[in-house]
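Coordinates in review
Residue-level listing of the chains:
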Amino acid sequence: MANRVYKVGGLFSGVGGIELGFSDKEKFKIVWGSDFDRHASKTYRKNFSHPFYEIDINELNGKDLEAVDVLVGGFPCQAFSVAGYQKGFEDERGNVFFQIIRLINELPKKPQVLLLENVKNIYMHDNRKTFRIIQESLEKTGYCVLSKIMNTCEYTSVPQNRERTFILCFLEGKNNFLDSSKPKSAYFEKVFPTKKKSKLKPISAFLES
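These numbers come from a predicted model, not from an experiment. (Residues numbered from 1 in each chain as written. Predicted model: local features only at pLDDT ≥ 70, side-chain atom pairs only at ≥ 80, totals over all residues. Heavy atoms only, no water.)

A few points about the packing of aromatic side chains
Overall, the coordinates contain eight aromatic pairs when judged by the stated rule. Relative to Phe-28, the ring of Tyr-6 has its centre 6.3 Å away and its plane inclined at 45 degrees; by these criteria the two rings are tilted. One end of the pair, Tyr-6, is in strand S1 (residues 6-11); the other, Phe-28, is in strand S2 (residues 28-34), with 22 residues separating them in the sequence. Tyr-6 gets classed as buried once you look at its relative accessible area, which sits at 10%. Residue classification places Phe-28 among the buried positions, given a relative accessible area of 19%. Taking the centre distance of 4.7 Å and the plane angle of 40 degrees together, the rings of Tyr-44 and Phe-48 count as tilted. The buried category is assigned to Tyr-44, whose relative accessible area is 1%. Judged by relative accessible area, which is 15%, Phe-48 ranks as buried. (Phe/Tyr/Trp six-rings, centres within 6.5 Å; stacked < 30°, edge-to-face > 60°. Helix = DSSP H or I, 4+ residues; strand = E, 2+ residues; numbered from the N terminus. Buried < 20%, exposed > 50% of the residue type's maximum accessible area, 1.4 Å probe, protein only.)

Considering unusual backbone geometry
If you check the backbone angles, Phe-12 has positive phi at about 50 degrees while not being a glycine. Considering the arrangement of structural elements, one finds Phe-12 in the loop between S1 and helix H1 (17-20). Its identity is not glycine, yet Arg-128 carries a phi of approximately 70 degrees, on the positive side. Along the chain, the position of Arg-128 falls in the loop between strand S5 (113-119) and helix H4 (129-140). What makes Arg-128 partly exposed here is its relative accessible area of 35%.

Looking at the pairing of S2
Of all seven residues in S2, six are buried; the element is thus mostly enclosed. Where S1 and S2 come together, four bridges link them in parallel fashion. Counterpart to Lys-7 in the pairing with S2 is Lys-29. Considered for its hand, the β-α-β crossover made up of S2, helix H2 (residues 38-47) and strand S3 (residues 52-53) is right-handed. (Pairing = 2+ DSSP bridges. Right-handed = clockwise from strand over helix to strand, strands pointing away.)

Concerning H2
Those residues of H2 not exposed but buried are Ala-40, Ser-41 and Tyr-44. Down the axis, H2 shows its buried residues gathered within 100 degrees of arc, on one side only. Turned more than 90 degrees from where H2 packs its buried face, Arg-38, His-39, Lys-42 and Lys-46 sit exposed. Where H2 is buried, its residues touch H1, S2 and S3. Residue Asp-37 occupies the N-cap position of H2, its side-chain oxygen lying 3.0 Å from the main-chain nitrogen of His-39. (Arc of directions from axis to C-beta. Contact = heavy atoms within 4.5 Å. Polar contact = N/O pair within 3.5 Å; in protein donor to acceptor, adjacent residues only side chain to side chain.)

Here we look at the pairing of S1
Most of S1 sits inside the fold, with five of its six residues counted as buried. When S1 meets strand S4 (residues 70-73), the two strands line up parallel, connected through four bridges. Looking across to S4, one finds that Leu-11 is bridged to Gly-73.

Observations concerning the state of the cysteines
Counting across every chain of the model gives zero disulfides. This cysteine, Cys-144, is not joined by any disulfide, and Cys-169 carries the nearest cysteine sulfur, 9.0 Å off. Of the residues examined, Cys-169 reaches a relative accessible area of 0% and is grouped as buried. (Disulfide = S-S within 2.5 Å.)

Overview of the environment of Ser-41
Structurally, the position occupied by Ser-41 is in helix H2. Spatially, the C-alpha atoms of Ser-41 and Val-15 are 6.5 Å apart, while their sequence positions differ by 26 residues. Aside from chain neighbours lying at most four places away, what touches Ser-41 is Asp-35, Phe-52 and Glu-54.

By themselves, these observations are geometric and do not establish any function.
Structure (structure tokens):
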């Protein structure tokens, strides 16, 4: 499968930050993105030329979307952030996670890989009950789940403390992304997360002249 180009679809795309990480045309092809914010959508269309759905995720129908190998999304974090009221699934913005599950089941075929992102606090929210529900929901949908809190300044050269919870999921059964000769959990732990960076660039390197 070395020469295969994997198709990527994006939920809660914003201006396309996560999609940008999959812009290697030799390995990945982003086939669609989606977001309901009209301002972010305008910027997204400036950054990418593939189909984009400017629609509320509650109204998005997975049957209308092209099947993808990788589904990515940084779902709304306000319901879990320490800067908000932390209502979790009682907040309608927190409940959109279950729309991800719905769409996975509606797509022409389930994605082989999911990459989801949220704030650090989602991991510990409500004595970890929230994250336990997320993990169990993904496992019931057929995925092995690995999660990690990662800080931008430890994995990139950007000098910013920005901690986020990353959730990496691989579909059980035949999966082109996995080494089937090894236990899946052991394989995950070997490749994720990536090695930490040892050197940061100064802030001046990112400023415009």
